[in-house]
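Residue-level listing of the chains:
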Amino acid sequence: MQFVPHSELSKGTLLVSTPNMENGIFFRSVILLCEHSRNGSFGLVINKDLDFELPEEILSMGQLQNPCVGLRAGGPVQTNQMMLLHSSQNMPSQTLEICDGVHLGGDLPFLQEAVKDKKGPEILLCFGYTGWGGGQLEREFLDGNWFLFPGNAKVIFKMPLEKMWQELLREMGGKYAAMSMIPEDLSLN
């Protein structure tokens, strides 16, 4: 099956940075576009891991029994703000469906219960976000800074984050697959 490039900027699209994006968090990043309109856009980086302990009043690591919880650097804007991406459909009034099986939102009691459940939902705690003013993301896309891939729960929650950028390019095939083999450090070439 040949990959047909996704070409629509819309909620639920994955933005895959091109190899020429060398700016910190955007280097080899995959961003889930959570909102896109003519007024602007925002998204969450989903393939940059964070390694730190959350305050006990938010999440007690001793109570963490759900093996499907991950911490992500969501972006460079308001890095002290936490956003929940999850697979639960139990709170439709408190969440926004981003794409099939992926929801944004939820409250602290939901999070605290979900992390105690061994069979709980997939959860990504994203700190910070990425944002664009009206027309800015379109310009970046047209300038060749982003490739687009349709978002889905399998990629967002199941694909190993350290391989996500390369795997998505491989799945796109052709010239994109060739780009996936570019080494991170070009001096090693």
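Counting secondary structure elements, the protein contains 5 helices and 9 strands. The linear arrangement of helices and strands in the protein, starting from the amino end, is β-β-β-β-β-β-β-α-β-α-β-α-α-α. Radius of gyration (C-alpha) of the protein: 17 Å, near the 16 Å computed for a compact globule of 189 residues. For the protein, the spread of C-alpha atoms along the three principal axes comes to 45 × 40 × 35 Å. Counting every position in the protein, which comprises 189 residues, the buried fraction comes to 48%. Across the protein, the fraction of contacts at a sequence separation of at least 24, relative to all contacts at a separation of at least 6, is 67%. As displayed, the protein has an accessible area near 10,000 Å², and 51% of this comes from carbon and sulfur atoms.

Our next topic: the side chain of Glu 122. Structurally, Glu 122 is set in the loop between α1 (108–116) and β8 (123–133). On the accessibility criterion, Glu 122 (13% relative accessible area) is buried. Polar contacts involving the side chain of Glu 122 include one to the side chain of Lys 158, which spans 2.5 Å. Excluding its chain neighbours within four sequence positions, the residues that come into contact with Glu 122 are Cys 68, Leu 85, His 86, Ser 87, Phe 157 and Lys 158.

Attention shifts here to the packing of aromatic side chains. Applying the stated criterion across every chain yields a total of 4 aromatic pairs. Look at Phe 26 and Trp 146: their rings are 6.1 Å apart centre to centre, the planes differ by 85°, and that puts the pair in the edge-to-face class. Remark: Trp 146 occurs in strand β9 (residues 146–150) and Phe 26 occurs in the loop between β1 (13–17) and β2 (30–37); sequence separation between them is 120 residues. You'll find Phe 26 and Trp 146 in the same group, each marked buried. Their ring planes at 85° and their centres at 6.4 Å tell us that Trp 132 and Trp 146 sit as a pair that is edge-to-face. A residue pair is termed long-range when its members are at least 10 positions apart, and Trp 132 in strand β8 and Trp 146 in strand β9 qualify at 14 residues.

Further remarks concern the pattern of salt bridges. In this structure the tally under the stated criterion is 3 salt bridges. Between Asp 49 and Arg 72 there is a salt bridge; the shortest N-O distance is 3.5 Å. Residue Asp 49 is located in the loop between β3 (40–45) and β4 (69–73), and its partner Arg 72 is located in strand β4; the two are separated by 23 residues in the primary sequence. We classify Arg 72 as buried; its relative accessible area is 10%. Among the ionic pairs, Arg 170 bridges to Glu 167, the shortest N-O distance being 2.7 Å. With a gap of 3 residues between them, Arg 170 and Glu 167 both fall in helix α4 (residues 164–172), about one helical turn apart.

This part takes up α4. For an α-helix the count is 3.6 residues per turn, leaving residues at separations of three or four pointing the same way. Restricting attention to buried positions, one finds in α4 the residues Met 164, Trp 165, Gln 166, Leu 168, Leu 169 and Met 172. Against β1, β2, β9, α3 (153–158) and α5 (174–179) lie the buried residues of α4. Directly after α4, the chain includes Gly 173, whose backbone phi takes a positive value near 75°.

Turning our attention to the pairing of β4. A large share of β4 lies buried, amounting to 4 of its 5 residues. Of the pairings in the sheet, the one linking β4 to β8 comprises 5 bridges and is parallel in character. In the strand pairing of β8, Arg 72 is matched with Cys 126.

Another point: the environment of Gln 166. Mapping Gln 166 onto the fold places it in helix α4. Sequence spacing of Gln 166 and Lys 116 is 50 residues, and the spatial spacing of their C-alpha atoms is 33 Å. When near neighbours in sequence (up to four residues on either side) are disregarded, Gln 166 contacts Arg 28 and Ser 180.

Okay, the environment of Asn 152 next. When you line up the elements, Asn 152 lands in the loop between β9 and α3. Here the alpha-carbon distance between Asn 152 and Asp 100, two residues 52 residues apart in the chain, equals 6.3 Å. With residues near it in sequence (within four places) discarded, Asn 152 still touches Cys 99 and Val 102. A polar contact of 2.9 Å, which involves the side chain of Asn 152, links it to the backbone nitrogen of Val 155.

Rules used throughout
- Residues numbered from 1 in each chain as written.
- Predicted model: local features only at pLDDT ≥ 70, side-chain atom pairs only at ≥ 80, totals over all residues.
- Heavy atoms only, no water.
- Helix = DSSP H or I, 4+ residues; strand = E, 2+ residues; numbered from the N terminus.
- Rg over C-alpha atoms; globule rule 2.2 N^0.38 Å.
- Buried < 20%, exposed > 50% of the residue type's maximum accessible area, 1.4 Å probe, protein only.
- Contact = heavy atoms within 4.5 Å.
- Areas by Shrake-Rupley, 256 points an atom, 1.4 Å probe, with all protein chains shown as cover.
- Polar contact = N/O pair within 3.5 Å; in protein donor to acceptor, adjacent residues only side chain to side chain.
- Phe/Tyr/Trp six-rings, centres within 6.5 Å; stacked < 30°, edge-to-face > 60°.
- Salt bridge = Lys/Arg side-chain N within 4 Å of Asp/Glu carboxyl O.
- Pairing = 2+ DSSP bridges.

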